[in-house]
Amino acid sequence: MAKSGYGYYRTTIFLAMFVGYTLYYFNRKTFSFVMPSLMQEIQLDKDDLGLITSSQSLAYAISKFISGVLSDQISARWLFSIGLFAVGGINVLFSWSSTVAVFSALWFLNGLGQGLGWPPCGKVLRKWFEPSQFGTWWSVLSCSMNLAGGLGPIIATLLAQSYSWRSTLSVSGLICVVMSFLCLLMIRNEPSDVGLPNIEASAKKKGKAGSGRDESTLKEFLLSPYLWLLSLGYLVVFGVKTTCTDWGQLFLIQDKGQTALMGSSYMSALEIGGLVGSLAAGYLSDRAVARQGLRAYGNPRHVLLLSMMAGMCISMYLFRTTVTPESSNVWILSLGAAFGFSSYGPIALFGVIANESAPSNYCGTSHAIVALMANVGGFLSGLPFSTIAKHYGWDTAFWVAEVTCVITTIGFFLFRNIQTKMGRKLKKED
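Residues numbered from 1 in each chain as written. Predicted model: local features only at pLDDT ≥ 70, side-chain atom pairs only at ≥ 80, totals over all residues. Heavy atoms only, no water.

> Explain the packing of helix H4 (residues 76-95) against helix H5 (residues 100-114) here, please?
A pair of packed helices is characterised by two quantities: the angle between their axes and the separation of those axes. With their axes 8 Å apart at the nearest point, H4 and H5 run at an angle of 165° to one another. Of the possible angle classes, the one that applies to H4 and H5 is roughly antiparallel. Here H4 runs over H5; the crossing is left-handed. Across the interface between the two elements, Gly 83, Val 87, Ile 90, Asn 91, Leu 93 and Phe 94 from H4 touch Phe 103, Leu 106, Trp 107, Leu 109, Asn 110, Gly 113 and Gln 114 from H5. Across the contact of H4 with H5, the residue classes tally to eight nonpolar, five polar and no charged. (Axes fitted to C-alpha atoms, helices over the stretch in contact; angles between N-to-C directions. Helix = DSSP H or I, 4+ residues; strand = E, 2+ residues; numbered from the N terminus. Parallel < 35°, antiparallel > 145°, perpendicular 65-115°, else oblique. Left-handed = near helix turned anticlockwise from the far one by under 90°. Contact = heavy atoms within 4.5 Å. Nonpolar A, V, L, I, M, F, W, Y, C, P; charged D, E, K, R; others polar.)

What follows is the structure, encoded as structure tokens:
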């Protein structure tokens, strides 16, 4: 009976979060989706467009960090639903607006609302799923972004052409608002909310490393070397991935003599490889956890994480050194898919590991910290990277990214067996 109870609630909660986060992501990108139609009605130059999109990116980075900390203090169910309601309402207000100043202000508020989406999802997943299932469901949930990113432009363009860009934002916003109430009804923070035993409590009874108390003080948590090892690794991996997604197309066209079509095809291959890599990372690393169990020193997911990071280094090296104007399309697309597979996998794993390695009272904060460091990596892949390319060329800039990735992979390998259970320092008897 308990198992059927878990199955029912896991299914309904996961579906609510999947649909909810798909709407979160769709309504994060609606401005980009309807941009061509909007610009036919309202005169906007490149600076205006940059101001509107940048205001959202800044707010999202701030909000995601705050939300991660808040998810440890207040109900994840309420946090997720309030954010979805706010995002929907802001999209409706955006559809009524017509000036750059109002657009920028509203899209900044949209970014603040967007940050309330993912941290509560991680918290709820950890509470409802076994450690040996956590990575798989984390990866599947992250596919909601690929779904919204893939179908969103087509749906938004068709709606904008058939009706208007204002109608598109209004409809998507109202759907968000309705879904926020459904999420509030369907999502439950943990099994005990519906009279079932909590997963973490039963896992603690069985686990070897978890025999001690699972909660720690903030000071103990922040002084965990593993937290900062993960943060540094995530910073580099996310920065290098963003480098290739933002600049790889230009590198191919300007430095390797490839066509614009090949540049965009490379990006598509990278994203498809990334989707497969993210799912594979979650599933395969969960198999490792099921076989070995979570330990206080080292993590069963490290083998796959390091293998994929090594794959990033190799695929980047081959991309930089072997592609020429005469290279076959299949080879270039294969390198794109290989890089996507080996970079999106670690991105999924860093989030999973940061969440599951933290004390139960700081798992949201843990993910917030490593995600903030990833945003720093994303920033470094922008202007600093383009400055290196401007003065020394694309080849040198990509070589710097490649070397940084190699050094980080080697460093992570050397420290892979440090205490991975964050929080209080374990004694010998633990």
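The discussion continues.
> Looking at this structure, I do not really get the nonpolar core. What am I missing?
Note that soluble globular proteins tend to have their nonpolar side chains buried in a common cluster. Residues Leu 230, Val 240, Phe 319, Phe 350 and Phe 398 are the most contacted members of the largest nonpolar core, which totals 52 residues. Breaking this core down by element, the ones donating at least two residues are helix H11 (225-255), helix H12 (260-292), helix H13 (302-322), helix H14 (329-357), helix H15 (363-380), helix H16 (383-392) and helix H17 (394-414). Top element by residues in this core is H11. It accounts for 13 residues. Beyond its immediate stretch of four places on either side in the chain, Val 240 contacts Met 312, Met 316, Phe 339, Ala 401 and Cys 405. Formed by 31 residues, the second largest nonpolar core is a distinct cluster that contains Tyr 6, Phe 14, Leu 116 and Val 124. (Core = buried A, V, L, I, M, F, W, Y, C linked by side-chain atoms within 4.5 Å. Buried < 20%, exposed > 50% of the residue type's maximum accessible area, 1.4 Å probe, protein only.)

> What is the right way to read the layout of surface pockets from this model?
One simple way to see leftover space: roll a probe sized like a water molecule over the atoms. The calculated volume of the largest pocket comes to roughly 1,700 Å³. Forming the boundary of the largest pocket are 43 residues, of which Tyr 25, Arg 28, Lys 29, Phe 238 and Lys 241 lie nearest the centre. Here the lining of the largest pocket is built from residues that sort into 21 nonpolar, 16 polar and six charged. (1 Å grid on protein atoms, 1.4 Å probe; cavity = no way out; pocket = protein on both sides within 12 Å on 5 of 7 lines; lining within 4 Å. Points joined across faces, edges and corners; volume = space filled by probe spheres on them.)

> Is there a simple way to explain the confidence of the model for the protein chain in this structure?
On average, residues of the protein chain carry a pLDDT of 86, and 94% of them reach 70 or more. Looking over the protein chain, one finds the lowest element-wise mean pLDDT in helix H9 (residues 199-206), namely 57, and the highest in H4, namely 95. Below pLDDT 50 for its whole length, residues 207-212 participates in seven contacts with residues either more than four positions away or in separate chains. (pLDDT = per-residue confidence, 0-100.)

> It is not clear to me how the packing of H12 against H14 should be interpreted in this structure. Could you clarify?
Packing of H12 against H14 leaves a shortest axis separation of 5 Å and a crossing angle of 40°. Taken as axis vectors, H12 and H14 run oblique relative to one another. The handedness of the crossing between H12 and H14 is right-handed. Residue composition of the contact of H12 with H14, grouped by class: 16 nonpolar, ten polar and one charged.

> Would you mind going over the environment of Phe 31 with me for this structure?
Turning to its location among the elements, Phe 31 is positioned in helix H2 (residues 30-41). You can call Phe 31 buried: its relative accessible area is 1%. Residues Phe 31 and Asn 91, spaced 60 residues apart in sequence, show a C-alpha to C-alpha distance of 9.0 Å. Setting aside anything within four residues of it in sequence, one finds Phe 31 in contact with Leu 38, Leu 49, Ile 52, Thr 53, Phe 94 and Trp 107.

> What is the right way to read the packing of aromatic side chains from this model?
Evaluation of the coordinates by the stated rule reveals 29 aromatic pairs. Ring geometry for Phe 14 versus Trp 137: centroids 4.8 Å apart, planes at 70°, classification edge-to-face. Here Phe 14, found in helix H1 (residues 2-28), pairs with Trp 137, found in helix H7 (residues 131-162); they are 123 residues apart in sequence, far enough to count as distant. Under the relative-accessibility criterion, Phe 14 is labelled buried at 9%. Residue classification places Trp 137 among the partly exposed positions, given a relative accessible area of 30%. (Phe/Tyr/Trp six-rings, centres within 6.5 Å; stacked < 30°, edge-to-face > 60°.)

> Can you help me understand the pattern of salt bridges in this one?
If charged atoms from side chains of opposite charge come close, those side chains can pair. This model, assessed by the stated rule, comprises seven salt bridges. Across the salt bridge formed by Arg 166 and Glu 41, the nearest N and O atoms sit 2.8 Å from each other. Pair noted here: Arg 166 is in helix H8 (residues 165-186) and Glu 41 is in helix H2, with a separation of 125 residues, a long-range link. Overall, Glu 41 belongs to the partly exposed group, its relative accessible area being 47%. Close ionic contact of Arg 320 with Asp 395 constitutes a salt bridge, the shortest N to O distance being 3.5 Å. In this pair, Arg 320 sits in helix H13 while Asp 395 sits in helix H17, placing the two residues 75 residues apart along the sequence. Arg 320 gets classed as buried once you look at its relative accessible area, which sits at 11%. Of the residues examined, Asp 395 reaches a relative accessible area of 29% and is grouped as partly exposed. (Salt bridge = Lys/Arg side-chain N within 4 Å of Asp/Glu carboxyl O.)

> Where do I start with a nonpolar patch on the surface in this structure?
The grouping of Leu 58, Ile 62, Ile 66, Leu 70, Ile 74, Phe 108, Leu 109 and Leu 112 at the surface amounts to a nonpolar patch, some 630 Å² of accessible area in total. Looking at the nonpolar patch, the elements with two or more residues in it are helix H3 (46-70) and H5. Looking at the element boundaries, Ile 66 is found in helix H3. With a relative accessible area of 44%, Ile 66 lands in the partly exposed category. (Patch = residues over 30% accessible without salt bridge, like charges linked within 9 Å, V, L, I, M, F, W, Y side chains within 5 Å. Areas by Shrake-Rupley, 256 points an atom, 1.4 Å probe, with all protein chains shown as cover.)

> Just to check I follow, could you spell out the side chain of Gln 258 for this structure?
Of note, Gln 258 is situated in the loop between H11 and H12. Look at Gln 258 and you get buried, because its relative accessible area is 9%. A distance of 2.7 Å separates a polar atom in the side chain of Gln 258 from the backbone oxygen of Thr 324. Residues in contact with Gln 258, not counting those within four places in the same chain, are Leu 252, Ile 253, Val 323, Thr 324, Pro 325, Ser 327 and Ile 332. (Polar contact = N/O pair within 3.5 Å; in protein donor to acceptor, adjacent residues only side chain to side chain.)

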